[in-house]
Amino acid sequence: MAEYLTEGWTAAIDYIMKTQAVDATSATAYALNGHSVSILVYPKGSTTPLVLTGTTTVSSDTMGADVGLVTYEPGSGELLNSQSPYRVRYRVTDGNEKIADFPNGAPVEWVVRKP
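What counts and how
Residues numbered from 1 in each chain as written. Predicted model: local features only at pLDDT ≥ 70, side-chain atom pairs only at ≥ 80, totals over all residues. Heavy atoms only, no water. Core = buried A, V, L, I, M, F, W, Y, C linked by side-chain atoms within 4.5 Å. Buried < 20%, exposed > 50% of the residue type's maximum accessible area, 1.4 Å probe, protein only. Helix = DSSP H or I, 4+ residues; strand = E, 2+ residues; numbered from the N terminus. Contact = heavy atoms within 4.5 Å. Pairing = 2+ DSSP bridges. Polar contact = N/O pair within 3.5 Å; in protein donor to acceptor, adjacent residues only side chain to side chain. pLDDT = per-residue confidence, 0-100.

Asker: Looking at this structure, how should I read the nonpolar core?
Answerer: Within soluble globular proteins, side chains that are nonpolar generally end up buried alongside one another. Grouped together as the largest cluster of nonpolar side chains are 19 residues, with contacts concentrated most on Met17, Ile39, Leu79, Tyr86, Val88, Tyr90 and Trp110. Contributions of two or more residues to this core are made by strand 2 (13-16), strand 3 (36-42), strand 5 (66-73), strand 6 (86-93) and strand 8 (108-113). Counting residues per element, this core draws most heavily on strand 6, which supplies four residues. In this structure, Val88 is in contact with Ile39, Leu40, Val41, Pro103, Pro107, Val108 and Trp110, ignoring residues within four places of it in sequence.

Asker: How should I be thinking about the pairing of strand 8 in this particular structure?
Answerer: For a regular strand, side chains alternate in direction, first toward one face of the sheet and then toward the other. With five bridges connecting them, strand 1 (residues 2-6) and strand 8 associate as parallel partners. Note that in strand 8 the partner of Ala2 across the bridge is Glu109. Here three bridges tie strand 6 to strand 8, and the two strands are oriented antiparallel to one another. The residue bridging Tyr86 from the neighbouring strand is Trp110, located in strand 8.

Asker: Would you take a moment to explain the side chain of Ser84 for this structure?
Answerer: Along the chain, Ser84 falls in the loop between strand 5 and strand 6. Looking at Ser84, the relative accessible area reads 9%, which means it is buried. Within the local environment of Ser84, its side chain forms a polar contact with the backbone nitrogen of Val112, the two atoms lying 2.8 Å apart. When sequence neighbours within four positions are dropped, the list of residues in contact with Ser84 reads Lys44, Trp110, Val111 and Val112.

Asker: I keep staring at unusual backbone geometry and nothing clicks. Help me out?
Answerer: Glycine aside, a negative phi is what most residues show, and trans is what most peptide bonds show. That bond from Ser84 to Pro85 is cis: its omega, 0°, falls within 30 degrees of zero. By the secondary structure assignment, Pro85 is in the loop between strand 5 and strand 6. Even without being glycine, Glu97 reaches a positive phi, approximately 65°. Relative to the elements of secondary structure, Glu97 occurs in the loop between strand 6 and strand 7 (99-102). Exposure remark for Glu97: the relative accessible area of 61% places this residue in the exposed category.

Asker: For this particular structure, what's the right way to read the confidence of the model for the protein?
Answerer: As a general rule, the predicted coordinates of low-pLDDT regions are not to be interpreted in detail. Confidence in the prediction for the protein averages 86 pLDDT; 87% of positions are at 70 or higher. Least confident of the elements in the protein is strand 4 (residues 55-60), whose mean pLDDT is 79; most confident is strand 8, at 96.

Below is the structure:
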């Protein structure tokens, strides 16, 4: 799954984490209450994630329900066409230091184009 962005993008990029399920229709939002979330962004050809300057936020819906939504707002100049495509995973750590990476299949791909 690819997300297409423009170089210099600083607007929010949303990702909804889902539980693993037999099929996509039975997957539900992954409960993030009490968990920390970090984002791992790997530039083209690299096995080392970037050190990011943007902001990662875990959100709930207007009623306060946990909807598995993580929003990332990239820092200015962070996403470059020359390092695209980026491979992206969201790392969830619970209070017992157990780790889960999302998606657990192929990573999300961010394709960055020149303006």
